[in-house]
Every structure is written in C-alpha cells, then in structure tokens.
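Below are the chains, spelled out letter by letter.
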Number of protein chains: 2
Amino acid sequence: MTDALNALKIAEGYITLWNERNDARRRDLLASNWTGDARYVDPLAASEGPAAIDAMIAGVQQRFPDFEFALLGTPDSHGQFVRFQWGLGPRGGDNPIKGTDFVVTEGGRIRSVTGFLDQVPS
Amino acid sequence: MTDALNALKIAEGYITLWNERNDARRRDLLASNWTGDARYVDPLAASEGPAAIDAMIAGVQQRFPDFEFALLGTPDSHGQFVRFQWGLGPRGGDNPIKGTDFVVTEGGRIRSVTGFLDQVPS
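Computed from a prediction, not measured in an experiment: that's the story for all the values here.

Draft legend 1. Just the overall build of chain A, in detail. The helix and strand inventory of chain A stands at three helices and six strands. Along its sequence from the N terminus, chain A presents helices and strands in the succession α-α-β-β-α-β-β-β-β. Taken over the C-alpha trace, chain A has a radius of gyration of 13 Å; the compact-globule value for 122 residues is 14 Å, and the two agree within 12%. Dimensions of chain A, computed from C-alpha atoms along their principal axes, come out at roughly 35 × 30 × 25 Å. Within chain A, the proportion of its 122 residues that are buried is 28%. Looking at chain A alone, contacts between residues at least 24 apart form 42% of all its contacts between residues at least 6 apart.

So this is what it looks like as structure tokens:
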C-alpha cells in the first residue's frame, strides 16, 4: 500500500474503533489493528495495552452517549508515522471538539497514539 | 515549569538551533538541549544522534542560505509531549513552507522529533 492509502486505513480504523459501542466488536478491532503493547496518551488520559485502551474508550462513550467521532481532512503519513485530525460532537451535527492524533505504526498496526486537542468549547 | 512554559522553551530552542549557522554554537545547542540518543524524522530526512542531526541541519542551511525558520502560533504540550507549527522562508518575508513537529522530551531535553509538512509551494 502507498503511504497515503495506509494512512487512510489506519485513521479510518481508528475512528471506527472509537465509535464502536459493541464491546466484543471493539475488542476485536483492537486485537486486529493494534499491537499487543500499544499505548495511548492525550491531555486527559493515558492507557497501556488493548484492555486498558478498550476500557478508556468505553468510558468516553458512556460519558458522551450521543457523540460520535469523525475523521476531518486527509490523513498524512510518512514511513511508520501517521497524523490526522478528528472531530467529536453530536451524531450528524457539528464537531465542537477537535483534535489531532499522531500515530506510530508497526507492521500496519497501531503501536502508539499521542493526541492533542485543537479546539474545545469555551 | 508549567507544560506551557516548557513547551515554549523546547519549541524556541528548536527553532534557534535550526537557524544557528555557527557550527560550534549549533553543536553546543544540540549537546545542551537534546539527549545523546535523540532521533529526527520527517518526510524528507531521518537522522539519529546529535552528530547526524547537526549534519542534516547544516545541509538544509546550505541548500537554503537565505531562509530562516520561525515559530508559528503557540506550542502545545502535555506531559513529555510537545507539538508546534513552524514556517520556513526568506528572512523577514513570508513562509512558503510550513510544518508541524511532534516532539518527545526526556528530562527537559528533546529525545525525538517527528515532523510533518503542512504547506509546500505548489
């Protein structure tokens, strides 16, 4: 795959994971698309390993039951590095929250995610 | 230091390094502000260790003798992670080239930089 196609696959799979509210399917996605030692960190949370990342995502889903993530713009990548912007907001509505995630991949799977917030409601 | 102050120090030191054309001073900045195992990667180049990073910067300076880097906007950080946008262009002029760098720090020094291009001349 080209870098661009791989970046799109990684970014879309990542957004799908955050929006998947079926526990079993979410864990399957983590097992298929993330490495066993994957870690996640953003300004509000840090998780190591698929089980902790799964629990973190489930927690965010419970806190924002009507919110959905969307991929914004075109993911960008070189080598094993991918970055993309996402929005979070009410399903089908605006995205009051936006962020940029910076991903390191390994063998086509997500090994680490470092997230930054680009926009939060004032 | 707060995250914000630390991010500003890291980002400003990074820009100063790229603009420093005195070889000895550039190596001093690398020795003081980067770890001994620091690595740098962007879509065009990859370097490991201060000596290789120094040679890479010197090469870019020779290729763009009248260009200067500038910090754009406000650096953002949490924990050991920093990101900021920079511009590159003729000294005192516009910045036809822009990028965003993601930095991992360790003990207040730069341990890794992963860069992405935000804008390049068409």
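Draft legend 2. Main features of the relation of the copies chain A and chain B. In the superposition of chain A on chain B (RMSD 0.0 Å, axial shift 0.0 Å), the rotation amounts to 180 degrees. Such a combination of turn and shift is consistent with a two-fold rotation axis. Minimal C-alpha distance to the rotation axis in chain A is attained by A:Phe102, lying at 4.0 Å. A shared interface surface links the copies, since 100% of the contact residues of chain A are contact residues in chain B too.

Draft legend 3. Spotlight on the packing of helix H1 (residues 3-19) of chain A against helix H2 (residues 23-33) of chain A. Residue and element names in this part refer to chain A. H2 packs onto H1 with a crossing angle of 155 degrees between their chain directions and a minimal axis gap of 9 Å. On the basis of the axis angle, H1 is roughly antiparallel to H2. The two elements H1 and H2 cross, and the hand of that crossing is left-handed. Here Gly13, Thr16 and Leu17 of H1 come into contact with H2, specifically with Arg26, Leu29, Leu30 and Asn33. Counted by class, the contact of H1 with H2 contains three nonpolar, three polar and one charged residues.

Reading guide: rules and limits
- Positions within a chain are numbered from 1, following the residues in the order the chain's sequence is written.
- Chain letters and ligand numbers both follow the written order, the letters beginning at A and the numbers at 1.
- It should be noted that, the model being predicted, local features are given only for residues of pLDDT at least 70 and side-chain atom pairs only at 80 or more, the latter also being counted only at that level, while totals for whole chains, interfaces and linings use all residues.
- In DSSP terms, a helix is any run of H or I states spanning at least four residues, a strand is any run of E spanning at least two, and both are numbered starting from the N terminus.
- Atoms counted for the radius of gyration: C-alpha only. Globule rule: 2.2 Å times the number of residues to the power 0.38.
- For every residue, the other C-beta atoms within 10 Å of its own C-beta are counted; 20 or more classify it as buried, 12 or fewer as exposed, and values in between as partly exposed. C-beta atoms are placed from the backbone.
- Residues are treated as contacting if the C-beta atoms built from their backbones sit within 7 Å of each other.
- The copies are overlaid by a least-squares fit using only the C-alpha atoms of residues whose pLDDT is at least 70 in both copies.
- To define axes, lines are fitted to C-alpha atoms, for helices over the stretch in contact only, and angles between the resulting N-to-C directions are given on a 0 to 180 degree scale.
- Note that the term roughly parallel is reserved for angles under 35 degrees, roughly antiparallel for angles over 145, roughly perpendicular for angles of 65 to 115, and oblique for everything else.
- The sense of a crossing depends on the near helix, which, turned anticlockwise from the far helix by less than a right angle, makes the crossing left-handed and, turned clockwise, makes it right-handed.
- Note on residue categories: nonpolar means Ala, Val, Leu, Ile, Met, Phe, Trp, Tyr, Cys or Pro, charged means Asp, Glu, Lys or Arg, and polar means any other residue, Gly included.

None of this, on its own, says anything about what the molecule does.
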